[in-house]
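These are the residues of each chain, in order.
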Amino acid sequence: MTVLSFVLFLLVFVMIGSSAVLRSRNSNRDYYVASGQVSPFLVGLSAVATNNSGYMFIGAIGYTYVTGLASVWLMVGWILGDFVTSLLIHKKLRQAAGRTGEVSYAGVLSQWLGKPGYRRLQVLAATITILFLLAYASAQLLAGSKALQALFEWPLWAGAVIGATIVVIYCIAGGIRASIWTDAAQSTVMMVAMASLLFVAVSSVGGISGAVEQMSAVDGFLDWYPAELPFPGITGGVLFAVSWLFAGISVIGQPHIMIRFMALDDPGHMVRARMWYYGWFTAFYAMAIGVGLLARIFLDNPATFDEELALPMMAQQLMPPVMVGLILAGIFAATMSTADSLILSCSAALSHDLLPHQAESTAMARFTTVLMTAAALLLTFTNSQSVFALVIMAWSVLASAFAPLLIVYCSGGRPRENLALMMVLGGVFVALTWRWLGLHDAVYEGMPGILSGLLIFAIASRLPAHRSAEKITQGAT
């Protein structure tokens, strides 16, 4: 019964995505940004599903299971940082997409200040997009595979192949429109699955008071900050909490999420899209934290299993077979809704940003989609990192590369191409170095990465040579 309900939900997703071919206009703009005609409701739910990936079902719940209540700072910081930056960025990015006519995130960044644009920046941004979004996509396929392995004892490769095959089917059929339609359906299944498990788990331990009492028995589990931080005392706790604000700011550096807002039908509808996005996002993340905390009660020996399997194992223990199938479908929905977005962004980076424009066509777009899916699948088979670690690394590097430049653009800055390249490369270098030094356990590496990119601009913009060139550029435009 579990397998049957799981397969049923997957078939529904495939049918919804494949039906997008009926609306396809057979153009690259339609394939990658749905001709800029997506409603606020669909943009909001699609962005939530894309953001709340296998990281949420597998990585974040596993992290909460190990860390305890202190993981709430990830949620607070993430959503707050995301919301604050959205007020500056989202509408201006949508306007820039319409003004430039570009179909890729890298293309909009390179053409922001007008044509002919910054070609070297476009190539660099596309290369970074492909490298780190492929790693991100492999983490999504791995997350779904872990859940299938835990419940059905299938080999790890089976879930990855199933997920990749489904993504290819509907992405080829309808491009980003298929991705957005299935995201909306997947977002609903994800919410129902998480709410169902949370309700059953709380009821099983005697309500909220019973849950708090049992969690209090675990040493340090309800502390507000992680016990082992490199920086001592309240300083370490505050740094830990504030750094996750930058995880939310990092959303503007994620091509696969921002492309949703670029596809919105009207920049004037951005407030409505954000209402759907943040309302759904906050409710879902809060429930995920709750499930992660409760998992420690039902699975009280973290040394005996992979903590990233806490959700499927808890579902199997508490839910009837049909509902276990729903939970598994929710996990798979989360991984696919992000994987398809990541793969389409990689496809756009390759076919639109890197290859010569004369080679660009919808057939090429579909071919590169298959190629990028195969590459992500290959990385899944060779990956040795946890879902949480892999997602955070890719997330922070992309944010460090693109968020500073986008913030400067939306604030009215006009960096020359060499300065823009320095900001991108400087942010990536700092983020990777921070992780290599092991400091990411105390402070999310996107924080120093983003700040370094902004610092590079602040310093360079005060140099006389930059000021003179900026005046000339402004006079010409």
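See the structure printed just above.
Bear in mind the structure is a predicted one, so any value in this text is a computation, not a measurement.

Along its 20 residues, helix 18 (residues 417-436) runs 29 Å from first to last C-alpha, staying within 8% of the 28 Å computed at 1.5 Å per residue. Among the residues of helix 18, those classed as buried are Glu417, Leu419, Ala420, Leu421, Met423, Val424, Gly426, Gly427, Val428, Ala431 and Arg435. One or two residues past the end of helix 18 sits glycine 438, with phi positive at roughly 80 degrees.

Two aromatic rings are characterised by how far apart their centres lie and by the angle between their planes. Inspection of every chain in the model, using the stated rule, returns eleven aromatic pairs. Ring geometry for phenylalanine 281 against tyrosine 285: centres 6.1 Å apart, planes inclined by 20 degrees, an arrangement best described as stacked. Of this pair, phenylalanine 281 and tyrosine 285 both sit in helix 13 (residues 270-298), four residues apart, roughly one helical turn. Here phenylalanine 281 and tyrosine 285 have matching classes, each one buried. Through a chain of ring-to-ring contacts, the aromatic side chains of Phe83, Phe261, Tyr277, Tyr278, Phe281 and Tyr285 assemble into a single cluster. When the ring centre of tryptophan 112 is taken as origin, the NZ or CZ atom of arginine 99, which lies over that ring, is 5.9 Å away. Between the NZ or CZ atom of arginine 296 and the centre of the ring of tyrosine 65, over which it lies, the distance is 5.3 Å.

Along the chain, aspartate 353 falls in helix 15 (residues 321-354). At 5.8 Å, arginine 119 is the nearest oppositely charged side chain to aspartate 353, a buried residue that forms no salt bridge. In this structure, aspartate 353 is in contact with Ser104, Ala106, Gly107, Arg119, Gln122, Val123, Ala126 and Ala348, ignoring residues within four places of it in sequence.

Scoring rules and cut-offs
- Residues numbered from 1 in each chain as written.
- Predicted model: local features only at pLDDT ≥ 70, side-chain atom pairs only at ≥ 80, totals over all residues.
- Heavy atoms only, no water.
- Helix = DSSP H or I, 4+ residues; strand = E, 2+ residues; numbered from the N terminus.
- Expected span 1.5 Å × (residues − 1).
- Buried < 20%, exposed > 50% of the residue type's maximum accessible area, 1.4 Å probe, protein only.
- Phe/Tyr/Trp six-rings, centres within 6.5 Å; stacked < 30°, edge-to-face > 60°.
- Lys NZ or Arg CZ within 6 Å of the ring centre and 35° of its normal.
- Lys, Arg positive; Asp, Glu negative; His and termini not counted.
- Salt bridge = Lys/Arg side-chain N within 4 Å of Asp/Glu carboxyl O.
- Contact = heavy atoms within 4.5 Å.

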